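# Reading the structure
One-letter residues, chain by chain:
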Amino acid sequence: LLRTYSVPKFYEQLKKMGITTLNKPAGHYGLSLIVGGAEGTLWDVTSAYASMARSVIKLPNKSISCLNETHQAELPEAFEPGAAWQTLEAIKEVNRPEEIDWRMQRVAWKTGTSFGFRDAWAVGVTTRYAVGVWVGNASGEGKPNLVGARTSAPVMFDVFNLLPRGNWFPRPTEAFTEEVVCKQSGHLAGRFCDHTDTTLIVPNGLRTEVCPYHQSVLLTADGTRRIYKECAEQEATITHNFFVLPPSWEWYYKQNHPEYIPLPPFKAGCGHAPEQQMQFIYPQSGAQIYLPKQQDGSPGEVTFELAHRNPDASIYWHIDDEYITVTQGIHRLTCLLSVGKHSITVVDDQGNTISVSITALNNK
């Protein structure tokens, strides 16, 4: 999602939200910025949550100096009320620590744990208060189980229990429009979406594409084979709408959705598969990969993985035009790789081929 939205644009958005610690260019942080790959202060992060809450209840966006609480400055509006309300509704449903009483007031909250268990965070907001809690060592030393949900979250809820209660965030009705969406993909419904729902979305949602994952497919009368229109004149056919994901997405999706029905194969002698049959799960083309090292300093192996629509397909792997091996069932290749640019090419037993180019970097 961040690659589509653009890192620099999100980087500027974070600054607009009041994050003051982004002192390196956007390219330094890259895609990890979306999952917390940058430093932040407890004050800035908590203030950003407070700004999100203010946008919903239509209060001016103010910054308060942590050294002088009487000094306030007007900040630009960083949140759309509708999107902010949806976010608060979503994080209200986060599972609370077991020891927390569910009868207490509703809180929109989120935890975080830094790399190496050095910091544990919890931030929560209501219509009246924003509470942020940091747990850790001043030295930056990590500790096992220093996790936000276990350490800082209970303290945050203790603080909320001491504070006066308020009403929950009202839905900003003027910030939404009612639209029909595809139940399976969440996109605006297309003409081939069989299962739809009517829901409230923010206006920016109208600028997105209609569901690209449903398509109408021509089948033999028994529904077991696909068929081209050119062959349809010779026998009875039916049409059926299918939910079709890219191969790597399909690989993940099927693991938790046994109801997913993949496209049937083509009838022999009447068509071929025009859609993408396989896709790299890892790596993506253009990726820069830091080569791992073993504990003794020797080079470590790199693992590549591929998804194919046909579970019985054989995949032939090549690195820099050199044949390496063939895989069946689980398509995974683990090998040593030298520093530099490489091309990974795979060919299936039907002659379909795809390639990715990567750069392997030395992990100093």
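Residues numbered from 1 in each chain as written. Predicted model: local features only at pLDDT ≥ 70, side-chain atom pairs only at ≥ 80, totals over all residues. Heavy atoms only, no water.

### Regarding the overall build of the chain
- Within the chain one finds eight helices and 17 strands.
- Relative to the 2.2 N^0.38 estimate, which gives 21 Å for 364 residues, the radius of gyration of the chain is 26 Å and therefore markedly larger than a compact globule would have.
- Its C-alpha atoms put the chain at 80 × 60 × 40 Å along the principal axes.
- The long-range fraction of contacts in the chain, counting pairs at least 24 apart against all pairs at least 6 apart in sequence, stands at 54%.
- Carbon and sulfur atoms make up 52% of the accessible area of the chain, which amounts to about 21800 Å² in all. (Helix = DSSP H or I, 4+ residues; strand = E, 2+ residues; numbered from the N terminus. Rg over C-alpha atoms; globule rule 2.2 N^0.38 Å. Contact = heavy atoms within 4.5 Å. Areas by Shrake-Rupley, 256 points an atom, 1.4 Å probe, with all protein chains shown as cover.)

### Concerning the pattern of salt bridges
- Under the defined criterion, the tally for this structure stands at six salt bridges.
- Ionic pairing is found between Arg-309 and Glu-250, a salt bridge with its closest N-O pair at 3.0 Å. Taken together, the residues span a long stretch of sequence, with Arg-309 in the loop between strand 12 (302–308) and strand 13 (314–319) and Glu-250 in helix 8 (residues 247–256) at a distance of 59 residues.
- By relative accessible area, Glu-250 is classed as buried at 3%. (Salt bridge = Lys/Arg side-chain N within 4 Å of Asp/Glu carboxyl O. Buried < 20%, exposed > 50% of the residue type's maximum accessible area, 1.4 Å probe, protein only.)

### Structural notes on the sheet that holds strand 4 (residues 119–125)
- Strand order in the open sheet formed by three strands is 3-4-5, and the pairing between neighbours is antiparallel. Edge strands, defined here as strands with exactly one partner in the open sheet, are strand 3 (108–113) and strand 5 (130–136). With direction set aside, neighbouring strand axes in the sheet form an average angle of 10°.
- Relative to strand 4, strand 3 runs antiparallel, the two being bridged by six bridges. Bridge pairing links Lys-110 to Val-123 in strand 4.
- Of the strands in this sheet, strand 3, strand 4 and strand 5 are in contact with helix 4 (residues 42–57), which crosses strand 4 at around 25°.
- Contacts from helix 6 (residues 152–162) reach strand 3, strand 4 and strand 5 within the one sheet, and its direction differs from that of strand 4 by about 30°. (Pairing = 2+ DSSP bridges. Axes fitted to C-alpha atoms, helices over the stretch in contact; angles between N-to-C directions.)

### A word on the nonpolar core
- With 30 residues, the main nonpolar core has Leu-14, Leu-22, Leu-33, Leu-88, Val-125 and Phe-169 as its most contacted residues.
- At five residues, helix 4 tops the list of elements feeding residues into this core.
- With residues up to four places along the chain from it excluded, the contact list for Val-125 reads Tyr-49, Ala-50, Ala-53, Leu-88, Val-107, Ala-108, Ala-130, Phe-160, Trp-168 and Phe-169.
- Within the second largest apolar cluster, 18 residues are counted, among which are Met-278, Val-302, Leu-306 and Leu-333. (Core = buried A, V, L, I, M, F, W, Y, C linked by side-chain atoms within 4.5 Å.)

### Describing the sheet that holds strand 16 (residues 340–348)
- As summarised here, the arrangement of the five strands in space is 11-17-16-13-14, forming an open sheet in which the pairing is mixed. Sheet topology places strand 11 (288–290) and strand 14 (322–328) at the edges, where each strand pairs with a single neighbour. Across this sheet, the average inter-strand angle for adjacent strands is 30°, counted without regard to direction.

### Digging into the pairing of strand 4
- Counting buried residues in strand 4 gives seven out of seven residues, a clear majority hidden from the surface.
- Burial along strand 4 is two-sided: Asp-119, Trp-121, Val-123 and Val-125 and Ala-120, Ala-122 and Gly-124, pointing in opposite directions, are all buried.
- Where strand 3 hands over to strand 4, the hairpin turn is made up of five residues, of which Gly-116 adopts a positive phi near 80°.
- Examined bridge by bridge, strand 4 and strand 5 share seven bridges and lie antiparallel to one another. From the neighbouring strand, Gly-124 faces strand 5, where its bridge partner is Val-131.
- Where strand 4 folds back on strand 5, the antiparallel hairpin that results is connected by four residues.

### Observations regarding the state of the cysteines
- Applying the stated rule across the entire model yields zero disulfides.
- Cys-182 takes part in no disulfide bond, and the closest cysteine sulfur, belonging to Cys-193, lies 3.7 Å away. (Disulfide = S-S within 2.5 Å.)

### Considering unusual backbone geometry
- Residue Pro-283 is reached from Tyr-282 by a cis peptide bond, and omega for that bond is 5°.
- Topologically, Pro-283 is positioned in the loop between strand 10 (278–282) and strand 11.
- If you check the backbone angles, Ser-6 has positive phi at about 100° while not being a glycine.
- A relative accessible area of 25% places Ser-6 in the partly exposed class.

### Comments concerning the pairing of strand 8 (residues 214–220)
- Most of strand 8 is tucked away: five of the seven residues are buried.
- In terms of strand pairing, strand 8 meets strand 9 (residues 237–243) through seven bridges, oriented antiparallel. Looking across to strand 9, one finds that Thr-220 is bridged to Thr-237.

### Details of the side chain of Ser-314
- Tracing the backbone through its elements, the reader meets Ser-314 in strand 13.
- One polar contact links Ser-314 to Gln-328, side chain to side chain, over a distance of 2.8 Å. (Polar contact = N/O pair within 3.5 Å; in protein donor to acceptor, adjacent residues only side chain to side chain.)

### Quick notes on the packing of aromatic side chains
- Summed over the entire model, instances satisfying the criterion amount to twelve aromatic pairs.
- An angle of 75° between the planes, with centres 5.0 Å apart, marks the rings of Trp-109 and Phe-157 as edge-to-face. Taken together, the positions of Trp-109 in strand 3 and Phe-157 in helix 6 put the pair 48 residues apart, joining distant regions of the chain. With respect to burial, Trp-109 and Phe-157 carry one shared label: buried.
- Here Trp-168 and Phe-169 contribute two aromatic rings whose centre-to-centre distance is 5.0 Å and whose plane-to-plane angle is 80°, an arrangement assigned as edge-to-face. The burial state of Trp-168 is the same as that of Phe-169; both residues are buried.
- Ring pairs connect the aromatic residues Tyr-213, Phe-243, Trp-249, Tyr-253 and Tyr-260, which therefore count as one cluster. (Phe/Tyr/Trp six-rings, centres within 6.5 Å; stacked < 30°, edge-to-face > 60°.)

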